Amino acid sequence: MSSYLSSAQLKLIKAELLELLTSLRDEVGSELDDRQGERVHEVMKEAHDSGDEATAELESTISLAHMSRHLQEVGECQAALQRLEYGTYGLCVDCGEEIELNRLKATPVSSRCLSCQSKEEHEHRENHHASM
Ligand SMILES: [Zn+2]
């Protein structure tokens, strides 16, 4: 149990997560509608001339990347809600330590403590050596 968070704090976090999830789903939903409309438009245009194909493909790649970022956020939100449900919310998924409260307030979907998160980010940036 994440005992360092009071039930009032947990309730507040849950409300925040649910609100975030709703707005994300709205955004993803409207993007899907847009994309479907775009697709119809594309097909109609393609029948006219097939010269603009590259531009249309680039545009759909961009909006796909945008959408997958949103979907990832939805996933993070759902995972955080699940941790709330199981009583493991606020505990780092890597080391099991308590995540800093300020960090949770700033980013309620945080699943790692600061040191594990920076370790992970460091690993991802392995080939990027910053020299000061
Ligand atoms: Zn950790």
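Residues numbered from 1 in each chain as written. Predicted model: local features only at pLDDT ≥ 70, side-chain atom pairs only at ≥ 80, totals over all residues. Heavy atoms only, no water.

### Concerning the overall build of the protein
At step 1: Per the secondary structure count, the protein includes four helices and zero strands.
At step 2: Expressed as a percentage of the 132 residues in the protein, the buried residues total 25%.
At step 3: Contacts spanning at least 24 positions in sequence make up 59% of the contacts within the protein whose residues lie at least 6 apart.
At step 4: If you sum the accessible surface of the protein, you get close to 9700 Å²; carbon and sulfur atoms cover 53% of it. (Helix = DSSP H or I, 4+ residues; strand = E, 2+ residues; numbered from the N terminus. Buried < 20%, exposed > 50% of the residue type's maximum accessible area, 1.4 Å probe, protein only. Contact = heavy atoms within 4.5 Å. Areas by Shrake-Rupley, 256 points an atom, 1.4 Å probe, with all protein chains shown as cover.)

### Overview of the pattern of salt bridges
At step 1: Per the stated rule, a full pass over the model turns up three salt bridges.
At step 2: Asp94 is paired through a salt bridge with Arg112; the nearest N and O atoms lie 2.8 Å apart. Of the two residues, Asp94 sits in the loop between α2 (53-86) and α3 (101-106) while Arg112 sits in the loop between α3 and α4 (114-124), which places them 18 residues apart along the sequence.
At step 3: Classification of Arg112 as buried rests on a relative accessible area of 18%.
At step 4: Of the charged contacts, one joins Arg112 and Glu120 as a salt bridge, the two residues approaching to 3.7 Å between their closest N and O atoms.
At step 5: Classification of Glu120 by relative accessible area gives partly exposed; the value is 25%.
At step 6: Bridged by salt links that share partners, the residues Asp94, Arg112 and Glu120 form one connected network. (Salt bridge = Lys/Arg side-chain N within 4 Å of Asp/Glu carboxyl O.)

### Some words on the environment of Glu85
At step 1: The topology assignment puts Glu85 in helix α2.
At step 2: Along the backbone, Glu85 and Lys14 are 71 residues apart, and their C-alpha atoms lie at a distance of 9.5 Å.

### A few points about the coordination of the zinc ion
At step 1: Protein-derived coordination of the zinc ion comes from Cys92 (SG), Cys95 (SG), Cys113 (SG) and Cys116 (SG), at a distance range of 2.3 Å.
At step 2: Classification of the site at the zinc ion as tetrahedral follows from its four donor atoms and the range of 105 to 116° in their angles at the metal.
At step 3: Between the donor residues of the zinc ion, the gaps in sequence give the motif C-x2-C-x17-C-x2-C. Placement of Cys95 in the loop between α2 and α3 and of Cys116 in helix α4 is noted, with a sequence separation of 21 residues between them. (Donors = N, O, S within 2.8 Å, 3.2 Å for Na, K, Ca; no water. Tetrahedral: all angles 85-135°; square planar, octahedral: opposite > 155°, others 65-115°.)

### Quick word on the UniProt feature "zinc finger region: dksA C4-type" (unreviewed entry) in the protein
At step 1: Here, the residues flagged by UniProt with the feature "zinc finger region: dksA C4-type" (unreviewed entry) are residues 92-116.
At step 2: End C-alpha atoms of residues 92-116 are separated by 8 Å, and the span's content is 36% helix alongside 0% strand. (UniProt positions renumbered as here; feature names shortened; annotations may be inferred.)

### Considering the side chain of Ser111
At step 1: Here Ser111 is to be found in the loop between α3 and α4.
At step 2: We classify Ser111 as buried; its relative accessible area is 19%.
At step 3: Non-local contacts of Ser111, meaning those with residues more than four positions away in its chain, are made with Arg83, Leu91, Cys92, Val93 and Ile99.

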